[in-house]
Amino acid sequence: MSTFSRSRFLPRRDFIAGALAVTLIPTIVRAQAAPRRLRCSFDGQVVTYRLFDNPTTRDLVSMLPLDLTIEDFSTNEKIAHLPERLDEGGLQPFDDEKPGDLCYFLGWGNLAFFHDDYRFRGDLIRLGHLEGDVAPLLHKGRYPLRIEHVE
């Protein structure tokens, strides 16, 4: 046994784990606390969404950036078809639907950009909510759409 008391010193693995915790935990907490944002640009229009934290949103963010097509659908939304389906783990009922919500439609696997009233019918996963006015979503037509993560 060395002259140093073992109780005074941490084993190497405990020391390294402690050092990593002190270094990484504040970073992880900050990353979780900072809301993710998404910017959608089409035909000179730009909208930004503050994203909710759920498995579906995280799956979407992992695919970014995306180049899609956005088009009008019905009288209350625009849609964009994704290249593949998203994780459906974010499905939770909600009853506070409002214009400006960004949702994932389970039926077709597309994004729904709501600019007017709508109803949750068990087939939507809410991904985020618009920061600002819905006016850019009222721009009619079918256009190339760029979706990017915003820091």
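Predicted, not measured: the structure shown is a model, and the values here were computed from it.

About the cut-offs
Residues numbered from 1 in each chain as written. Predicted model: local features only at pLDDT ≥ 70, side-chain atom pairs only at ≥ 80, totals over all residues. Heavy atoms only, no water. Helix = DSSP H or I, 4+ residues; strand = E, 2+ residues; numbered from the N terminus. Contact = heavy atoms within 4.5 Å. Areas by Shrake-Rupley, 256 points an atom, 1.4 Å probe, with all protein chains shown as cover. Buried < 20%, exposed > 50% of the residue type's maximum accessible area, 1.4 Å probe, protein only. Pairing = 2+ DSSP bridges. Arc of directions from axis to C-beta. Axes fitted to C-alpha atoms, helices over the stretch in contact; angles between N-to-C directions. Phe/Tyr/Trp six-rings, centres within 6.5 Å; stacked < 30°, edge-to-face > 60°. Lys NZ or Arg CZ within 6 Å of the ring centre and 35° of its normal. pLDDT = per-residue confidence, 0-100.

## A look at the overall build of the protein chain
Step number 1: Of the regular secondary structure elements, the protein chain holds 2 helices and 8 strands.
Step number 2: When the helices and strands of the protein chain are placed in sequence order, the string is α-β-β-α-β-β-β-β-β-β.
Step number 3: Pairs at least 24 apart in sequence give 64% of the contacts found in the protein chain among residues at least 6 apart.
Step number 4: For the protein chain, the exposed surface amounts to about 9300 Å²; the carbon and sulfur share of it is 54%.

## Looking at the pairing of strand S5 (residues 101–105)
Step number 1: Most of S5 is tucked away: 5 of the 5 residues are buried.
Step number 2: Burial of S5 is two-sided: the residues Asp101, Cys103 and Phe105 facing one way and the residues Leu102 and Tyr104 facing the other way are all buried.
Step number 3: By the bridge criterion, 4 bridges tie S5 to strand S6 (residues 110–114) in an arrangement that is antiparallel. Residue pairing for S6: Phe105 is matched across the bridge by Asn110.

## Quick look at helix H2 (residues 55–63)
Step number 1: Buried within H2 are the following residues: Thr56, Thr57, Leu60, Val61 and Met63. Each buried residue of H2 sits inside an arc of 155 degrees when the element is viewed along its axis, so together they form one side.

## Quick look at the sheet that holds S6
Step number 1: Pairing is antiparallel around the closed barrel formed by 8 strands, whose spatial order is S1-S2-S7-S5-S6-S4-S3-S8. Neighbour to neighbour, the strand axes of the sheet diverge by 35 degrees on average, direction disregarded.
Step number 2: Contacts from H2 reach strand S1 (37–42), strand S2 (45–51), strand S3 (66–73), S5, S6, strand S7 (124–131) and strand S8 (143–150), with the element oriented near 65 degrees to S7.

## Quick word on the packing of aromatic side chains
Step number 1: Scanning all chains against the criterion turns up 6 aromatic pairs.
Step number 2: Their ring planes at 85 degrees and their centres at 5.3 Å tell us that Phe73 and Trp108 sit as a pair that is edge-to-face. With Phe73 in strand S3 and Trp108 in the loop between S5 and S6, this pair connects stretches of sequence that are 35 residues apart.
Step number 3: For Trp108, a relative accessible area of 49% corresponds to the partly exposed category.
Step number 4: Judged by centre distance (3.7 Å) and plane angle (10 degrees), the rings of Phe114 and Tyr118 are stacked.
Step number 5: A relative accessible area of 7% means that Tyr118 is categorised as buried.
Step number 6: Here the guanidinium or amino end of Arg126 rests over the ring plane of Phe94, the centre of that ring lying 4.0 Å away.

## Description of the pairing of S6
Step number 1: Taking burial as the measure, the 5 residues of S6 include 5 buried ones, the bulk of the element.
Step number 2: Here S6 shows no split at all, with Asn110, Ala112 and Phe114 on one side and Leu111 and Phe113 on the other all buried.
Step number 3: Sheet topology note: the strand S4 (residues 77–81)/S6 ladder contains 5 bridges and is antiparallel. Bridged to Lys78 within S6 is Phe113.
Step number 4: Hairpin connection of S5 to S6: 4 residues between the antiparallel strands, including Gly109 at a positive phi of 70 degrees.

## A closer look at the confidence of the model for the protein chain
Step number 1: Averaged over all residues, the pLDDT of the protein chain is 86; the fraction at 70 or higher stands at 77%.
Step number 2: Low pLDDT, under 50, characterises residues 25–31; the predicted model gives this stretch 2 contacts beyond four residues in sequence or across chains.

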